[in-house]
Amino acid sequence: MPDNKDIKENEKIKKKQKKDKNERNDKIEKNDKEILDLTEELIYDDAEEFVVSRVCDRRINLQGQLEYRVHWEHCPDSDDTWEKASNLNCEALINSFERQRCLKIGQELNGHYKNKAKRLKIDPHLVTDNPFNFDFEAQRIIRGFNINGEISLLIKFKDMDEPQIVPAEIAYAEIPQMVLRFYEKHVDFKKAKRRES
């Protein structure tokens, strides 16, 4: 049987081992924390701020949240990512994308409506939409032309990539001053007067 002295000696050894182990763990924890802090500093210092160049697409993810596929400035298309709308800070780009998307949907519907209007033999302008219905702002009239006896205008809209063809009567109702200025610049009244005589 071990005597009291041996038991005390064993307890001392166990306490010392426990103390040494705790000190080692504390040192390891401290080192891990220092390494983690340094890593975070390096990541923060070296991290580029990614800027959205354009919004390419949208979807609803499996959790029912709206996401946008974004193209990052100075990155190839292969680096485009899907980001939650709530995580993005590019409201103007999102609004522009949504307006373009609505217009595209509207134009697709217009094609469908125009076909129906032809079958029903009614004026297609009565059933079609135009960029003004989506609150797009006209910037300038590029040119006018006559399509089957109807005057139409090619108009450049703010936040739209491509100019749109709008019937003159709709343009005149929406942007009368711009239409009048366009006519004043492009209609030669001297030629028109000679034709009348």
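None of these values were measured; they are calculated from a predicted model. (Residues numbered from 1 in each chain as written. Predicted model: local features only at pLDDT ≥ 70, side-chain atom pairs only at ≥ 80, totals over all residues. Heavy atoms only, no water.)

(A) Molecular detail of unusual backbone geometry. The phi dihedral of histidine 74 is positive, around 65 degrees, even though this residue is not glycine. Examined against the element boundaries, histidine 74 turns out to sit in the loop between strand 2 (66–72) and strand 3 (81–84). Residue histidine 74 is classed as exposed on the basis of its relative accessible area of 77%. (Helix = DSSP H or I, 4+ residues; strand = E, 2+ residues; numbered from the N terminus. Buried < 20%, exposed > 50% of the residue type's maximum accessible area, 1.4 Å probe, protein only.)

(B) The arrangement of the packing of aromatic side chains in detail. Tallying each qualifying case throughout the model produces 4 aromatic pairs. Taking the centre distance of 6.0 Å and the plane angle of 90 degrees together, the rings of tyrosine 68 and phenylalanine 97 count as edge-to-face. Here phenylalanine 97 lies in helix 2 (residues 91–120) and tyrosine 68 lies in strand 2, a separation of 29 residues in the sequence. On the basis of relative accessibility, which here comes to 4%, the residue tyrosine 68 falls in the buried class. Positioned above the aromatic ring of tryptophan 82 is the side chain of arginine 59, whose terminal nitrogen or guanidinium carbon lies 4.1 Å from the ring centre. Lying over the aromatic face of phenylalanine 136, arginine 99 brings its terminal NZ or CZ to 4.3 Å of the ring centre. (Phe/Tyr/Trp six-rings, centres within 6.5 Å; stacked < 30°, edge-to-face > 60°. Lys NZ or Arg CZ within 6 Å of the ring centre and 35° of its normal.)

(C) Spotlight on the pattern of salt bridges. Scanning all chains against the criterion turns up 5 salt bridges. When the shortest N-O distance is used, the salt bridge between aspartate 77 and arginine 54 registers 3.5 Å. Linking aspartate 77 in the loop between strand 2 and strand 3 with arginine 54 in strand 1 (residues 52–60), this pair joins segments that are 23 residues apart in sequence. Residue classification places arginine 54 among the partly exposed positions, given a relative accessible area of 37%. The salt bridge partner of arginine 59 is glutamate 67, with a shortest N-O separation of 2.7 Å. Within the structure, one salt-bridge network assembled from shared partners comprises Arg58, Glu98 and Arg101. (Salt bridge = Lys/Arg side-chain N within 4 Å of Asp/Glu carboxyl O.)

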